[in-house]
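Each chain is listed here by its residues.
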Amino acid sequence: AECLKKHSVACDLFHIPDHPPLDTETTASLFMPRWLRMLRRYDVIYCGAQEAGQTLFFCRPLLRMPVALDVHGDVVAQSRLANEIESDGKNRSASLRVRMIHRMAMSCADHFLTVSTFQTDTFLRGGIPAGKISLVRNGVDLESFQMLPFPPRPRFTFGYMGDFQSWQGIDNLISAFHLVNDPTVRLLLVGFRECDSDLKARLRSVFGARVELVDRTDRSTLVKLVRDVAILVIPRIDHQAIRHAFPTKFAEYAAMGRPIVVNLVDETSEFVKRYDCGFVSSPSPESMADTMLQAAATDVRTLAA
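On a predicted model such as this, the values are computed, not experimentally measured, just so you know.

Rules behind the numbers
Residues numbered from 1 in each chain as written. Predicted model: local features only at pLDDT ≥ 70, side-chain atom pairs only at ≥ 80, totals over all residues. Heavy atoms only, no water. Helix = DSSP H or I, 4+ residues; strand = E, 2+ residues; numbered from the N terminus. Buried < 20%, exposed > 50% of the residue type's maximum accessible area, 1.4 Å probe, protein only. Contact = heavy atoms within 4.5 Å. Lys, Arg positive; Asp, Glu negative; His and termini not counted. Charge placed at Lys NZ, Arg CZ, Asp CG, Glu CD. Salt bridge = Lys/Arg side-chain N within 4 Å of Asp/Glu carboxyl O. Pairing = 2+ DSSP bridges. Axes fitted to C-alpha atoms, helices over the stretch in contact; angles between N-to-C directions. Right-handed = clockwise from strand over helix to strand, strands pointing away. Phe/Tyr/Trp six-rings, centres within 6.5 Å; stacked < 30°, edge-to-face > 60°. Lys NZ or Arg CZ within 6 Å of the ring centre and 35° of its normal.

Asks: Describe the overall build of the protein chain, naming the residues involved and giving the relevant values.
Replies: The secondary structure content of the protein chain amounts to 15 helices and ten strands. The principal-axis extent of the C-alpha atoms belonging to the protein chain is close to 65 × 50 × 40 Å. Per-residue burial over the protein chain gives 45% buried out of 305 residues. In the protein chain, 61% of the contacts between residues at least 6 apart in sequence involve partners at least 24 apart. The distance from the centre of the 36 positive side-chain charges to the centre of the 35 negative ones in the protein chain is 3 Å.

This is the structure:
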């Protein structure tokens, strides 16, 4: 919106949680017609996720302007993955609520913004014309994340910054690092919150001085921490929910000029191969450990190139 305003395109923001009748996603469509007069003032409506698109379901026939839906990955697959993790693999189906929201949002949109070629191809196979799809991958703020000088003697061989949910692959990273039996190879983990206290204690107990554990922090501190890291890691698991996404941290890592270890689970592996900017592994702890050992053995000058 800020960028559009700089180009003389006026934008208003309608934040659904600020309007109590709309804060329940599944029933939000019932109340949205109350805002018809406001909606009709605009030339284009941009919906920043399926939940936002779904709210327009019952008033969409009464609106003339085009609606753009920004599809942040495959929400149905994400629901399946969340239920699979929560039930220890017993429930592998998406919730009815999420499936409803997805169908309603898709039926309201005239144009679709995707974040990966996997998702774009899925839409094309589903019959959506190419002219109605725009691929806009998750980007990076280049004022915050800039090219960093490569340390001649990095304090940490590997670094991971982000959340520690299972779908991020943190369990695989821990198992892989356990197989990297070299006391000189150190790992920096950034992003711990109160809910991660048990994981933090376990990591400290298992790895001792080989790991440094940092709580969630601001961007400027994050960039300073990366200065001491040689290689950054994105240890994601293999699942359709992951395949249709594009991790923002990949763009951030690349912007800072660090080699990246990624798993063969999404589009990032293709970028790493194409631009020779890191290492690609299969998403198993054993393969990741082999790849990390290969990366750790690479000359610093090659890593910095």
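Continuing now.
Asks: An account of the side chain of Asp70 is requested, with residue identities and associated values reported.
Replies: Among the secondary structure elements, Asp70 is positioned in strand β2 (residues 67–70). Buried charged residue Asp70 carries no salt bridge. Nearest counter-charge: Arg137, at 13 Å. Ignoring any residue separated from it by four or fewer positions in sequence, one finds Asp70 in contact with Tyr46, Cys47, Gly48, Ala49, Gln50 and Leu113.

Asks: Quick one: what's the story with the sheet that holds strand β3 (residues 111–114), residue by residue and with numbers?
Replies: If you walk across this open sheet you meet the four strands as β1-β2-β3-β4, and the pairing is parallel. Two strands close off the open sheet at either side, each with one partner strand: β1 (45–47) and β4 (133–135). In this sheet, adjacent strand axes meet at a mean angle of 20 degrees when their direction is disregarded. Relative to β2, β1 runs parallel, the two being bridged by three bridges. Directly across from Cys47, in β2, lies its bridge partner Leu69. On top of the sheet, helix α7 (residues 117–125) reaches β3 and β4; it is set at about 170 degrees to β4, its chief contact.

Asks: So what's going on with the pattern of salt bridges? Which residues, and what values?
Replies: Considering all chains together, one arrives at eleven salt bridges under this definition. Between Arg193 and Asp163 there is a salt bridge, and its shortest N-O distance comes to 4.0 Å. Here Arg193, found in the loop between β6 (187–192) and α9 (197–207), pairs with Asp163, found in the loop between β5 (156–161) and α8 (170–179); they are 30 residues apart in sequence, far enough to count as distant. Note on Arg193: relative accessible area 37%, which makes it partly exposed. Linked by salt bridges that have partners in common, Arg155, Glu212 and Asp228 make up one network.

Asks: Break down the environment of Pro285 for me, citing the residues and quoting the values.
Replies: Note on placement: Pro285 falls in helix α14 (residues 285–296). Sequence spacing of Pro285 and His7 is 278 residues, and the spatial spacing of their C-alpha atoms is 48 Å. Every residue in contact with Pro285, bar those within four places of it in the chain, is listed here: Asn172, Ser175, Ala176 and Leu179.

Asks: Could you give me a rundown of the pairing of strand β7 (residues 211–215), with the residues and numbers involved?
Replies: Of the pairings in the sheet, the one linking β6 to β7 comprises five bridges and is parallel in character. Counterpart to Val190 in the pairing with β7 is Val214. Crossover β6 to β7 through α9 is right-handed.

Asks: Which residues make up the packing of aromatic side chains, and what values do they have?
Replies: If you walk through the whole model with that rule in mind, you get ten aromatic pairs. Summarising the aromatic geometry, the rings of Tyr160 and Phe164 are spaced 5.7 Å apart at their centres and angled 55 degrees between planes, so their arrangement reads as tilted. The same class applies to Tyr160 as to Phe164, namely buried. One Lys or Arg, Arg210, reaches over the ring of Phe177 and ends 4.1 Å from the middle of that ring. Lying over the aromatic face of Phe271, Arg274 brings its terminal NZ or CZ to 5.1 Å of the ring centre.

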